[in-house]
Amino acid sequence: MKNNQISQTYVSTSQAAKMLGLSVGTVQRMVQNGVFKAFVTHGGHRRILSESLQDYCKGQGFLPHPAQAPAELLCILHDSAHLSQALSTLAQWAHVTVMTHPLDLMEIAQDVRVFFIDARIPWLHTSTVHLQNARMQHAHIVLYNSASLPTNSPLNQAEHLSMFEGDISTDLVYGYWLCTQHAQETQARHH
């Protein structure tokens, strides 16, 4: 079992431009003027902290949406006792499904890239049935609110598991999607 902590996520100026509907030059000037927190890579490219982009969007009264929809489904299994505004926003994104009941898993007919799972869901820790779901066995699992994960939970047996201490957010989901897109593009260039 491999437990990876998800750290800060970043977006390129071109990704931020697509999300905001601005030119790359405008986003670059915004970085230079301190509107976004960013760093410059060794290759001279700017990377904007996704949290900074999110804060800017909230300050402007809107939330960014992914520039492209992922080819595979992103599923969020969330504890129905702790619903949040982020879930309402995420449920509106293309290729994102929000579920709060174990029977919802049976209705998935599409390939799933990643399951974002709330560790506070009681039924996840009492049965291994959900882990026997073929779609879940082949997908990556990002377990959020990981401090609530019982030591005897069957989720500790998952092969492709990343832990995240915070709650679900648009930043977490979009950041994960950006990271996987970047990894796929890098892998395609090396082949």
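The text that follows walks through the structure, step by step, so that each part is easy to find. (Residues numbered from 1 in each chain as written. Predicted model: local features only at pLDDT ≥ 70, side-chain atom pairs only at ≥ 80, totals over all residues. Heavy atoms only, no water.)

## Some remarks on the overall build of the protein chain
Quick reminder of the rule: Numbering goes from the N terminus for both helices and strands, where a helix is a DSSP run of H or I of at least four residues and a strand is a run of E of at least two. With a 1.4 Å probe rolled over the protein chains alone, any residue whose accessible area is under 20% of its type maximum counts as buried; one over 50% counts as exposed, and the rest are partly exposed. Only heavy atoms enter the contact rule, under which two residues are in contact if any of them lie within 4.5 Å. Note that accessible areas follow from Shrake-Rupley with a 1.4 Å probe, and for residues the cover is restricted to the protein chains shown.
When helices and strands are tallied, the protein chain shows six helices and nine strands. Each of the 191 residues in the protein chain was classed as buried or not, and the buried ones make up 42%. When contacts within the protein chain are restricted to residue pairs at least 6 apart in sequence, long-range pairs at least 24 apart make up 62% of them. Taken as a whole, the protein chain presents about 10,400 Å² of accessible surface, with 50% of it coming from carbon and sulfur.

## Quick word on the sheet that holds strand β3 (residues 38–40)
The test is simple: The pairing criterion is simple: DSSP has to find at least two bridges between the two strands. As a rule, the C-alpha atoms of each element are fitted with a line to give its axis, helices using only the stretch in contact, and angles between N-to-C directions run from 0 to 180 degrees.
One open sheet accounts for three strands, arranged β2-β4-β3; its pairing is antiparallel. The sheet is open, and its two edges are formed by β2 (10–12) and β3, each paired on a single side. Here the strands of the sheet are splayed against their neighbours by 30 degrees on average, with no regard to which way each runs. Where β2 and strand β4 (residues 46–49) come together, three bridges link them in antiparallel fashion. The residue bridging Y10 from the neighbouring strand is L49, located in β4.

## Describing unusual backbone geometry
The phi dihedral of N145 falls on the positive side, at around 55 degrees, and the residue is not glycine. You can see N145 is positioned in the loop between β8 (140–144) and β9 (160–164).

## Quick notes on the nonpolar core
Threshold: Remark: nonpolar core denotes a set of buried residues (Ala, Val, Leu, Ile, Met, Phe, Trp, Tyr, Cys) joined through side-chain atoms within 4.5 Å.
Core analysis: the biggest nonpolar cluster contains 29 residues, and F36, I48, L53, I76, F116, I168 and V173 have the highest contact counts within it. Only α1 (13–20), α2 (24–32), α3 (50–60), β5 (73–77), α4 (85–91), β7 (112–118), β8 and α6 (170–190) provide two or more residues apiece to this core. The biggest single contributor to this core is α6, with six residues. Sequence-distant contacts of I168, that is, excluding residues within four places in its chain, are made with I76, H78, S84, A86, L87, L90, F116, Y144 and V173. L73, I108, I117 and L124 belong to the second-largest nonpolar core, a separate cluster that totals 20 residues.

## Considerations on the side chain of H78
One can find H78 in the loop between β5 and α4. In contact with H78, not counting residues within four places along its chain, are L83, L87, M99, T100, D118, R120, I121, Y144, D167 and I168.

## A short note on the pattern of salt bridges
In a structure, side chains of opposite charge can pair up when their charged atoms sit close to one another. Rules: For this document, the term salt bridge refers to a Lys or Arg side-chain nitrogen within 4 Å of an Asp or Glu carboxyl oxygen.
Considering all chains together, one arrives at two salt bridges under this definition. The partner of R120 in a salt bridge is D118, and the shortest N-O contact between them spans 2.9 Å. Residue classification places R120 among the partly exposed positions, given a relative accessible area of 22%. Overall, the relative accessible area of 0% leaves D118 in the buried class. A salt bridge links R120 to D167, with the shortest nitrogen-to-oxygen separation between them at 3.5 Å. Placement of R120 in the loop between β7 and α5 (134–138) and of D167 in the loop between β9 and α6 is noted, with a sequence separation of 47 residues between them. One continuous salt-bridge network, built from bridges that share partners, spans D118, R120 and D167.

## Side note on the environment of L22
Within the secondary structure layout, L22 lies in the loop between α1 and α2. Look past the residues within four positions of L22 in its chain and what remains in contact with it is A17, V27 and M30.

## Thoughts on the packing of α1 against α3
Here is the rule: Throughout, the term roughly parallel applies to angles under 35 degrees, roughly antiparallel to angles over 145, roughly perpendicular to angles from 65 to 115, and oblique to all others. It is the rotation of the near helix from the far one that decides the hand of a crossing: anticlockwise by less than a right angle makes it left-handed, clockwise makes it right-handed. For this classification, the nonpolar set comprises Ala, Val, Leu, Ile, Met, Phe, Trp, Tyr, Cys and Pro, the charged set comprises Asp, Glu, Lys and Arg, and every other residue, Gly included, is treated as polar.
Put simply, α1 and α3 touch, their axes get as near as 12 Å, and they point 20 degrees apart. With respect to α3, the element α1 is oriented roughly parallel. When you trace α1 past α3, the crossing you get is right-handed. Contact residues: A16, M19 and L20 in α1; L53, Y56 and C57 in α3. Its residues placed into classes, the contact of α1 with α3 shows six nonpolar, no polar and no charged.

## Quick notes on α2
Filter applied, for reference: In this description, the arc belongs to the directions extending from the helix axis to the C-beta atoms.
Every buried residue of α2 is listed here: V27, M30 and V31. Taken end-on, α2 shows its buried residues confined to a sector of 100 degrees, consistent with a single buried face. In this structure, the buried residues of α2 make contact with α1, β3, β4 and α3. Downstream of α2 by one or two residues, G34 has phi in the positive range, about 85 degrees.

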